[in-house]
Amino acid sequence: IHQHCKGKYKMIYRLIKNLDDADIPLILSVYKQPSISQFISIDAENYWKYITSTGNVYFYKIYKDDILLATIHLELVDCVLYMSVVVFPEYQKQGIATTILKDIQAGKTGLDFNKIQVSIHEKNTASLKLFESAGFICVNKDEELLEYEYSKS
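This section reports on the structure supplied with the text.

1. A short note on the nonpolar core
Then comes step 1: L74, L81, M83, I104, I116, F131 and F136 are the most contacted members of the largest nonpolar core, which totals 29 residues.
Then comes step 2: Only β2 (57-64), β3 (67-77), β4 (80-87), α4 (96-105), β5 (115-121), α5 (125-133) and β7 (145-151) provide two or more residues apiece to this core.
Then comes step 3: In this view, I116 contacts L81, M83, I104, Q105, F136, Y148, E149 and Y150; residues no more than four positions away in its chain are not counted.
Then comes step 4: Membership of the second largest hydrophobic core comes to 17 residues, among which are I24, I27, V30 and Y31.

Next comes the structure, spelled out in structure tokens:
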């Protein structure tokens, strides 16, 4: 009943732990779509090795009702959580990223952090609005990237 209401999502987070994860081809195909690739690019060959073999790196696939709708990349360094969120284009503007951010801020990933940092391309206005509404503030600008930070209170 509530699947189309904003913010009514119960997300399931599944960590990618090995290189033969069945969802990697789908994730790569989404990341190649122009609306995603203009803001995020990965070296597919080395990226999956990096996320599956580095102790402080976590890559979650996010599902609702067994449908993969988003991914998050998290890196924890000295109590600072660096993150990127990708909501698949067909699921954008439905409150999913807001729910994911609230879940991370509430500690649902089980990671112990004092701050969250994210770098956002200045043309990615949807992400800028999302992070600002979630309590992030802009702390730095490097060329076209804006660095936003959220501190636990």
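2. Quick notes on α5
Then comes step 1: Within α5 the residues assigned to the buried category are S127, L128, L130 and F131. Each buried residue of α5 sits inside an arc of 165 degrees when the element is viewed along its axis, so together they form one side. Within α5, the exposed residues directed more than 90 degrees away from the buried face are K129 and S133.
Then comes step 2: As for α5, its buried residues are in contact with β4, α4, β5 and β7.
Then comes step 3: Immediately beyond the C-terminal end of α5, within one or two residues, lies G135, with a positive phi of roughly 95 degrees.

3. Considerations on the pairing of β4
Then comes step 1: Sheet topology places β3 next to β4; 8 bridges connect them, and they run antiparallel. If you follow E75 over to β4, its bridge partner there is Y82.
Then comes step 2: In this antiparallel pair of consecutive strands, β3 and β4, the connection spans 2 residues, and D78 shows a positive phi of 50 degrees.
Then comes step 3: Of the pairings in the sheet, the one linking β4 to β5 comprises 3 bridges and is parallel in character. Considered in β5, the bridge of V80 is made with K115.
Then comes step 4: Following the chain from β4 across α4 to the adjacent parallel β5, one finds a crossover that is right-handed.

4. What to know about the pattern of salt bridges
Then comes step 1: Scanning the entire structure with this criterion turns up 7 salt bridges.
Then comes step 2: Between K64 and D65 there is a salt bridge, with the nearest N and O atoms lying 2.6 Å from each other.
Then comes step 3: Classification of K64 by relative accessible area gives buried; the value is 11%.
Then comes step 4: The salt bridge involving K108 is made with D103; its shortest N-O contact spans 3.4 Å.
Then comes step 5: Given a relative accessible area of 10%, D103 falls into the buried group.

5. As for the sheet that holds β7
Adjacent strands of a sheet pair through backbone hydrogen bonds, lying either parallel or antiparallel.
Then comes step 1: Reading across from one edge, β1-β2-β3-β4-β5-β7-β6 is the order of the 7 strands in this open sheet, with mixed pairing throughout. Strands at the two margins of the open sheet, each flanked by one partner only, are β1 (12-15) and β6 (137-142). In this sheet, neighbouring strand axes are inclined to one another by 30 degrees on average, regardless of whether the strands run parallel or antiparallel.
Then comes step 2: Those strands touched by helix α1 (residues 24-31) are β2, β3 and β4, and its axis lies near 85 degrees from that of β3.

6. Concerning the pairing of β6
Then comes step 1: In this structure, β6 lies alongside β7, joined through 5 bridges in antiparallel fashion. Looking at β7, one finds that N140 is bridged to E147.
Then comes step 2: What sits between the antiparallel neighbours β6 and β7 is a turn of 2 residues, in which E143 has the positive phi angle 55 degrees.

What counts, and at which threshold
- Residues numbered from 1 in each chain as written.
- Predicted model: local features only at pLDDT ≥ 70, side-chain atom pairs only at ≥ 80, totals over all residues.
- Heavy atoms only, no water.
- Core = buried A, V, L, I, M, F, W, Y, C linked by side-chain atoms within 4.5 Å.
- Buried < 20%, exposed > 50% of the residue type's maximum accessible area, 1.4 Å probe, protein only.
- Helix = DSSP H or I, 4+ residues; strand = E, 2+ residues; numbered from the N terminus.
- Contact = heavy atoms within 4.5 Å.
- Arc of directions from axis to C-beta.
- Pairing = 2+ DSSP bridges.
- Right-handed = clockwise from strand over helix to strand, strands pointing away.
- Salt bridge = Lys/Arg side-chain N within 4 Å of Asp/Glu carboxyl O.
- Axes fitted to C-alpha atoms, helices over the stretch in contact; angles between N-to-C directions.

Geometric values such as these leave the question of function open.
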